[in-house]
Amino acid sequence: MFERIKLPYSYDALEPHIDKLTVETHYEKHHKTYTEKFNDLMKKASDMDGKSAYEVLHSLDKLPEEIRTGVRNNGGGFYNHNLYFESLSPDGGKPSGKLAEMLDRDFGGAEKMLEKLDDAATTKLFGSGWSWLVLKDGKLDIAISPNQDLPSQKEKCVELLPLDMWEHAYYLKYKNDKKSYVEAFNTIVNWQVVGERLEKAKV
Ligand code: MN
């Protein structure tokens, strides 16, 4: 049984950057539905019992064909939203240690990295999808993915920070103003969590 992370803050904790109704709807409706559908589909793949969602999403070709697309979309939705909600915090601090060093080395600092993350999100991605900070070939890099895909399904990398660019992530408050949404996102990144992901990453 795959379970959503418990939201590590209250629905209104990210105000005014992300409003209460958006967080509540995103977590209680969208994330919940991805999770339920993923669990439902995985009942038809009992030989995957015991595998993590990440492992399932990286062995889609081993699934029965009839559930492959559903698992790709809903399992991806489940996995990505756990990462996303965990990546936000009303008081996310600043990058430190190895993360701060690598942000300086590979981008010239966190601000410059966020500019690239936001630029990829608002100008390179078309339609629903995600913009990402990833670790690839020993360096930090920016990637985009369509729908609920992960960059690591396409190339060897580790996802460190996801930016959800589905309209449901921002439309209630920001309407079509993606730029204001990504600027708000920049201020509520949980840098400690991102740093921990980097420490654990092996690419
Ligand atoms: Mn979303």
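Provided above is the structure to which this section pertains.
In what follows, the accompanying structure is described. Model, not experiment: these values are computed from the prediction.

Summed over all chains, the structure comprises twelve aromatic pairs. Relative to Tyr-79, the ring of Tyr-54 lies with its centre 5.6 Å away and its plane at 50°, an arrangement referred to as tilted. With Tyr-54 in helix H2 (residues 53-57) and Tyr-79 in helix H3 (residues 65-86), the pair connects residues that are 25 residues apart, well separated along the chain. Lying across the ring of Tyr-174, Lys-173 places its NZ or CZ 5.5 Å from the centre.

Let's shift gears to the pairing of strand E1 (residues 129-136). On any regular strand, side chains alternate: one points to one face of the sheet, the next to the other face. Within E1, seven of the eight residues are buried, which leaves it mostly tucked inside the rest of the structure. Sheet topology note: the E1/strand E2 (residues 139-146) ladder contains eight bridges and is antiparallel. In the sheet register, Lys-136 faces E2, and the bridge partner there is Lys-139. Counted between consecutive antiparallel strands, the loop separating E1 from E2 contains two residues, among which Asp-137 sits at a positive phi close to 50°. Inspection of the sheet shows E1 paired to strand E3 (residues 158-164) by six bridges, in the antiparallel sense. Across the sheet, Leu-135 pairs through a bridge with Val-158, a residue of E3.

What follows covers empty space enclosed by the protein. Evaluated as defined, the whole model comprises one cavity of 30 Å³ or more. In this structure, the largest cavity spans a volume of roughly 50 Å³. Residue assignment for the lining of the largest cavity shows that the elements contributing at least two residues are helix H1 (20-42) and H3. Among the elements that make up the lining of the largest cavity, the one with the highest residue count is H1 (three residues).

The rules behind the values
All chains use their own residue numbering, which begins from 1 and follows the written sequence. Local features in a predicted model are, by the rule used here, given only for residues with pLDDT of at least 70; side-chain atom pairs are given and counted only at 80 or more, and totals for whole chains, interfaces and linings are based on all residues. Side-chain measures here rest on the full set of heavy atoms in the structure, leaving out hydrogens and waters. Whether two aromatic rings pair depends on their centres lying within 6.5 Å, for rings of Phe, Tyr and Trp, where Trp uses its six-membered ring; planes under 30 degrees apart make the pair stacked, over 60 edge-to-face, and the rest tilted. Put simply, DSSP marks the helices as runs of H or I at least four residues long and the strands as runs of E at least two long, and each gets a number from the N terminus on. Both a distance and an angle decide whether a charge sits over a ring: NZ of Lys or CZ of Arg must be within 6 Å of the ring centre and within 35 degrees of the ring normal. Buried means the residue's accessible area, taken with a 1.4 Å probe over protein chains only, is under 20% of the maximum for its type, while exposed means over 50%, and partly exposed covers the values in between. We call two strands paired when DSSP finds no fewer than two bridges between them. Cavities and pockets are defined on a 1 Å grid built over the protein atoms alone: a cavity is a set of grid points where a 1.4 Å probe fits but cannot escape, while a pocket is an open set with protein on both sides within 12 Å along at least five of seven lines, and lining residues are those with an atom within 4 Å of any such point. Grid points are joined across faces, edges and corners, and a volume is the space filled by probe spheres set on the points.

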